[in-house]
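Letter by letter, the chains look like this.
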Amino acid sequence: SNEGLQEAAAKYGFRTKVVELGGDVTLQVPTFTEYAEDPDWDIIITGTPNMKEALQTVAKEYPEQKFILYDAQDDLSLPNVASLDHCQNEGAYLAGVAAALLTTSDAKLANDKKIVGFVGGGENTALDDYLIGYIQGVHSVDEDINILVSWIGDFKDTAKGKELAVAQANQGADVIFSVAGVAGLVTLAGCAESNVYSIGVDSDQALAYEGKDEANFIISSAIKGVGDSIYNAVEKAVDGTLPYGDYQILGIEDGVVGLADNDIYQSVVSDDAKKAVEDAKEKLLSGEYK
């Protein structure tokens, strides 16, 4: 999201500031209030369902302050809040298709068990979206594939993320979908140490390990182009067309959701499997599958 914000700032020449709360919920309302009271800031941007309630509280008290809320819906339809969500379930569906095709293939690290894994961070509606899409994608290929599901409990506990990945690998999972933020990066490292494939999330997470051996195990990532969405929203805010009070849902047809296609994906996944993933994508785009 910050990447998209900085791109917009470079284009239009406005000033930005990024504030990280470190997961401390008691700081949410005071921090929103601090910036809402400061006339220097035209728009306050935040994301995820975990931040929604605090934003709504402050947005009601400061009706002149504009807000952008992403990855969550402003269900109060406040006139100074533009909210947008991503169909992360669509990207996760494609990840599930890829995982199912890989676990049933003769790929180097695939075993003879029909087991794949999912390691999530803190449970919320966005993470549930990822999980449900992943399950449906896996079972669209083979309903007999078993899906191991583990929750870290937050997005910071790197040790637990790694521990859960290793545990799932020991139970026979040879492809693990990691949806856990910072903790998820270490989950991916745990997959590499366990000699199993992994799928990252949000951005192409193989780039986080570029030049290192761990990257060779991350066959793809379920992309969610939050940066593009934030850039587009800010651009509309600048030209006066951002629909405050409305809620938008952005998905594969908007070009902000999909699977990362990198050298590892091309080398590990068979041509038939890649075609099957593309076919699944076309069904989502055409509306044949929802």
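These numbers come from a predicted model, not from an experiment.

Rules used throughout
- Residues numbered from 1 in each chain as written.
- Predicted model: local features only at pLDDT ≥ 70, side-chain atom pairs only at ≥ 80, totals over all residues.
- Heavy atoms only, no water.
- Pairing = 2+ DSSP bridges.
- Helix = DSSP H or I, 4+ residues; strand = E, 2+ residues; numbered from the N terminus.
- Axes fitted to C-alpha atoms, helices over the stretch in contact; angles between N-to-C directions.
- Core = buried A, V, L, I, M, F, W, Y, C linked by side-chain atoms within 4.5 Å.
- Buried < 20%, exposed > 50% of the residue type's maximum accessible area, 1.4 Å probe, protein only.
- Contact = heavy atoms within 4.5 Å.
- Right-handed = clockwise from strand over helix to strand, strands pointing away.
- Expected span 1.5 Å × (residues − 1).
- Arc of directions from axis to C-beta.

Take the sheet that holds strand E1 (residues 43–47) next. Pairing within the open sheet is parallel, and its four strands lie in the order E1-E2-E3-E9. Edge positions in the sheet fall to E1 and strand E9 (247–250), since each of these pairs with one other strand and no more. For this sheet, the mean inter-axis angle between neighbouring strands, taken without regard to orientation, is 15°.

Let us look at the nonpolar core. One finds Val116, Tyr134 and Phe177 to be the most contacted residues of the largest nonpolar core, which totals 46 residues. If one sorts the elements of this core by residue count, helix H4 (residues 88–103) sits on top with nine residues. Setting aside its immediate chain neighbours within four residues, Tyr134 contacts Ala92, Tyr93, Ala95, Gly96, Ala99, Val116, Gly117, Phe118, Ile147, Val175 and Phe177. Judged by nonpolar contacts, the second largest core, of 16 residues, contains Phe32, Met51, Phe67 and Ala72.

The buried count for strand E2 (residues 66–70) comes to four of five residues, which makes it a mostly enclosed element. Each parallel crossover has a hand, and the one from E1 via helix H3 (residues 49–61) to E2 is right-handed. The sheet contact formed by E2 and strand E3 (residues 81–86) spans four bridges and is parallel. In the sheet register, Ile68 faces E3, and the bridge partner there is Ala82.

Looking now at helix H6 (residues 158–170). Given 3.6 residues per turn, any residue in an α-helix points the same way as the ones three and four places further on. For H6, built from 13 residues, the straight-helix expectation of 18 Å at 1.5 Å per residue is met to within 8% by its first-to-last C-alpha distance of 19 Å. Where H6 is concerned, the buried positions are Gly161, Leu164, Ala165, Gln168 and Ala169. Along H6, the residues classed as buried sweep out an arc of 135° about the axis, all on the same side. Structural note: H6 exposes Ala159, Glu163 and Asn170 on the side pointing more than 90 degrees away from its buried face. Where H6 is buried, its residues meet strand E4 (115–120), strand E5 (146–151), strand E6 (175–179) and helix H7 (181–193). Of the residues one or two after H6, Gly172 is the one with positive phi, at around 110°.

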